[in-house]
Amino acid sequence: MKKLLIQLKYLVVVTLVLSVTSLNAQKAETPDHNYELGAKINEMTITEGGTVVVATNDGLVGIKPGQDGLLFNFTDYGRVKPEELNFIPKAPYVVVGQTSFVGMQTKSAVIDYMSGKVLFSTEKNGWKAIGMSQVLMPANKLIVSGQRKAKEKYAQAVAIYDLNTGEQISFYTFKGSRQAMGTPLVLSDGVVIPTTKGLMKIDMASGNVLWENELKNIGWMVADDTEKDIYAFASTSNKKNTKIYKIGANGASTWADERKVKGSISNFQILPQGLAVVSDVAGGSGTFAAASESKIALLSASNGDDLWEKAPKTKGYVQHFYIMDDGILFGIREGGINKISYDGKTLFKKPLKTGENILTMATTPQGLIYITSEDANIVNLETGDQVWKKPLKFKRADVVTSDYDKKNDRYLITADEKLYSIDANSGTSELLTEADFDGKEDPTSVEVRDGGILLASDQNMMMLDWNGDTSWHEYKRAPGKSAFGAILAGVTAVAAATASASASYQANTRERNRIGQYTARGDRLNNLSSGMSSAAGASVAEMLKRFKATSATQNSQFVLTKLDDGVGLVKLNKDTGDVEKEIVLKDKKPEYQVDEFGGYLYYKVNDKTIYAYNLNN
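Presented here is an overview of the structure given in this document. Bear in mind the structure is a predicted one, so any value in this text is a computation, not a measurement.

Considerations on the overall build of the protein
Argument step 1. Per the secondary structure count, the protein includes seven helices and 45 strands.
Argument step 2. In the protein, which comprises 617 residues, the share counted as buried stands at 53%.
Argument step 3. Counting only contacts in the protein whose residues sit at least 6 apart along the sequence, the fraction spanning at least 24 positions is 43%.

Points about a negative patch on the surface
Argument step 1. Together, Glu417, Glu434, Asp436 and Asp438 give the surface a local cluster of negative charge.
Argument step 2. Residue position: glutamate 417 is located in the loop between β33 (410-415) and β34 (418-423).

Focus on helix α7 (residues 538-548)
Quick reminder: α-helices carry 3.6 residues per turn. Residues three or four places apart thus point the same way.
Argument step 1. If you check which residues of α7 are buried, you get Ser539, Val540, Met543, Leu544, Arg546 and Phe547. For α7, the angular spread of the buried residues around the axis is 155°, confining them to a single face. Every exposed residue of α7 that faces more than 90 degrees away from the buried side is listed here: Ala538, Lys545 and Lys548.
Argument step 2. Lining the buried residues of α7 we find β8 (105-112) and β43 (591-595).

Details of the pattern of salt bridges
Argument step 1. Tallying each qualifying case throughout the model produces 18 salt bridges.
Argument step 2. Across the pair lysine 201 and aspartate 189 runs a salt bridge whose closest N-O atoms are separated by 2.9 Å. Here lysine 201, found in strand β16 (residues 198-202), pairs with aspartate 189, found in the loop between β14 (185-187) and β15 (190-195); they are twelve residues apart in sequence, far enough to count as distant.
Argument step 3. Given a relative accessible area of 7%, lysine 201 falls into the buried group.
Argument step 4. Classification of aspartate 189 as partly exposed rests on a relative accessible area of 40%.
Argument step 5. A salt bridge links aspartate 595 to arginine 546; the shortest N-O distance between them is 2.9 Å. On the criterion of sequence distance, the pair formed by aspartate 595 in strand β43 and arginine 546 in helix α7 is long-range, its members being 49 residues apart.

Structural notes on the sheet that holds strand β24 (residues 293-299)
Argument step 1. Pairing is antiparallel in the open sheet, where three strands are placed in the order β22-β23-β24. At either margin of the open sheet sits one strand with a lone partner, and together these are β22 (264-271) and β24. Each adjacent strand pair in this sheet contributes to an overall mean axis angle of 15°, direction not counted.

What to know about the packing of aromatic side chains
Argument step 1. This model, assessed by the stated rule, comprises 13 aromatic pairs.
Argument step 2. Judged by centre distance (6.4 Å) and plane angle (55°), the ring pair of tryptophan 127 and phenylalanine 171 falls under tilted. Within this pair, whereas tryptophan 127 is found in strand β10 (residues 127-136), its partner phenylalanine 171 is found in strand β13 (residues 168-173), the two being separated by 44 residues in sequence.
Argument step 3. In this structure tryptophan 127 comes out as buried when scored by relative accessible area, which is 1%.
Argument step 4. Since its relative accessible area comes to 24%, phenylalanine 171 is described here as partly exposed.
Argument step 5. Among the aromatic residues, those joined into a cluster by ring pairs are Trp220, Tyr231, Phe233, Trp255 and Phe268.
Argument step 6. Taking the ring centre of tryptophan 127 as reference, the NZ or CZ of arginine 148 above it sits at 4.6 Å.

Focus: the sheet that holds strand β37 (residues 452-456)
Argument step 1. Here we have four strands laid out as an open sheet, ordered β36-β37-β38-β39, and antiparallel in their pairing. The sheet is open, and its two edges are formed by β36 (445-449) and β39 (470-475), each paired on a single side. Looking at each pair of strands side by side, their axes are set apart by 15° on average, direction ignored.
Argument step 2. As paired strands, β37 and strand β38 (residues 460-464) are joined by four bridges and run antiparallel to one another. Paired with alanine 456 across the strands is methionine 461, a residue of β38.

Let's talk about a positive patch on the surface
Argument step 1. A cluster of basic residues, Lys310, Lys313, Lys315, Lys350 and Lys353, forms a positive patch at the surface.
Argument step 2. With respect to the helices, strands and loops of the structure, lysine 310 is situated in the loop between β24 and β25 (318-323).
Argument step 3. For lysine 310, a relative accessible area of 60% puts it in the exposed group.

Some words on the environment of valine 186
Argument step 1. Secondary-structure assignment places valine 186 in strand β14.
Argument step 2. A sequence separation of 36 residues divides valine 186 from valine 222, and the C-alpha atoms of the two residues are 9.7 Å apart.

Describing the environment of alanine 397
Argument step 1. In this fold, alanine 397 is placed in the loop between β31 (392-393) and β32 (401-405).
Argument step 2. Overall, the relative accessible area of 11% leaves alanine 397 in the buried class.
Argument step 3. For the pair alanine 397 and aspartate 416, spaced 19 residues apart in the sequence, the C-alpha separation amounts to 6.0 Å.
Argument step 4. Those residues in contact with alanine 397 that lie beyond four places of it in its chain are Ser373, Ala415 and Asp416.

Let's talk about the pairing of strand β12 (residues 156-162)
Argument step 1. Most of β12 is tucked away, with six of its seven residues classed as buried.
Argument step 2. Where strand β11 (residues 141-148) lies against β12, seven bridges are found, and the strand directions are antiparallel. Bridge assignment links lysine 141 to a residue of β12, and that residue is aspartate 162.
Argument step 3. Where β12 lies against β13, five bridges are found, and the strand directions are antiparallel. Across the sheet, residue tyrosine 161 finds its bridge partner in β13, namely glutamine 168.
Argument step 4. Between β12 and β13, which pair antiparallel one after the other, the connecting turn spans five residues, and glycine 166 there sits at a positive phi close to 85°.

Thresholds applied
Residues numbered from 1 in each chain as written. Predicted model: local features only at pLDDT ≥ 70, side-chain atom pairs only at ≥ 80, totals over all residues. Heavy atoms only, no water. Helix = DSSP H or I, 4+ residues; strand = E, 2+ residues; numbered from the N terminus. Buried < 20%, exposed > 50% of the residue type's maximum accessible area, 1.4 Å probe, protein only. Contact = heavy atoms within 4.5 Å. Patch = residues over 30% accessible without salt bridge, like charges linked within 9 Å, V, L, I, M, F, W, Y side chains within 5 Å. Areas by Shrake-Rupley, 256 points an atom, 1.4 Å probe, with all protein chains shown as cover. Salt bridge = Lys/Arg side-chain N within 4 Å of Asp/Glu carboxyl O. Lys, Arg positive; Asp, Glu negative; His and termini not counted. Charge placed at Lys NZ, Arg CZ, Asp CG, Glu CD. Arc of directions from axis to C-beta. Pairing = 2+ DSSP bridges. Axes fitted to C-alpha atoms, helices over the stretch in contact; angles between N-to-C directions. Phe/Tyr/Trp six-rings, centres within 6.5 Å; stacked < 30°, edge-to-face > 60°. Lys NZ or Arg CZ within 6 Å of the ring centre and 35° of its normal.

Shown next as structure tokens:
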């Protein structure tokens, strides 16, 4: 459970910290809002947009922060299981899909959880079953393919819907027994659809077929910026390899033969120098079994040939992959960083050895900073030489956190109950303090404040001065182990949403493979809206305002603890440790979630009722 809480804090949705007491704490047992859901509550999700989506025995309920009454109560499909929900990342939509035993979605709906509107459903839009549906962002469209209802003789079709209005933009009916499969590629002048009989490009405005070819089993596709070159990907029958095809603007194959790579492709990018490909190979057991590792290749765009005589060794899976002016920089999950030029030459004097699990790779004025679960250092991006004479090493830690201290131009890293300071220019490291937290806790966050350095965990908060001396330390005992098992079931949209490879390649691929600059914690929080601003629509705009606004808990943290009148939540000032508010829940095992950005506590009072408390007051 501790690791779960840590993960939720990293995803910036639920923050549980320590507790202190105050004589002037405000009691707030009476909720600001009372929501009667009318059915048993099963799960709660605080979405990226702030709307709370609650799964009940009757369906889905939406709660808008600060508003009385329910935003929506979707009961068309009855009880919805967790695996039937898909929260679209950086978009105001939740997709509900109930699948039959043959793998087709017989019921599917798209709900705008910011407005509460049902924008699409299989029943209202004339579908009997759906084989594929995909939300396209930032285009703000939905593409659907599947089987129509009886009045259309169960024809196979594909349609595109505008998610700003829910209106159908275009529609096409397949002839004969052809069926759509895989992920379509939407272009400026049409859509390329993988089908059981090959690829076909359709002008969705007129319904005319622009071209067809016989490439089958295509799973997904990528087009270059001009849309004249399309790359199509298909897994081999044994699922151990991937075939790559190149198609011209007229639909004809432009490579003499397909290119086969080992494993499944986890990263693909079209570059001026060629096609950068990362594929992951699942190894086996035995002396002659293939190793479990990633393969990196640069293929010729003209014919698919491998441009490198010798591929770089990985000896593990690629965890970080960045395109740079002079080559490709990559980090391995099992440890190690290397860089290779576009002509296949290793740019580092030798592969850089690092600890396992590279948590951070980012640029700094001094070079590349990396932080793993075992060590940290800055290296020269041209040569791979270490900037710090000795890497900062620590025992393999479950939690490693860092922040940048602009005032003193240094990096702060916590691991193994220790806080280290590293001078950004000289690389000189210093042990600032060993945090002696109560309750057998280790620091799980470090944050640079105006008046010093704040270390925190679930039940501890410690403020240090710039020299690492303790200014104050507050600890409040947890109300009991049972309370920590009572965080209301459900995961956040950020945690639950995992984009498929095909979807991620069609949006922001170039930016995804660009290395960023190391920034302070506050700057990182301000960048959460990246990728949303290019999308249109009122609900998207409302989400964007939430991300751009100052987090309600930027200067506060919350903790569940035992108060005089029972178990409750305490709002604490990060700079002073003073209690700003108490909410007594009077429940030995409360089930609740906290919206960090919006500043609301949602508490499950009983099986059918949720109280909401405004934490901003």
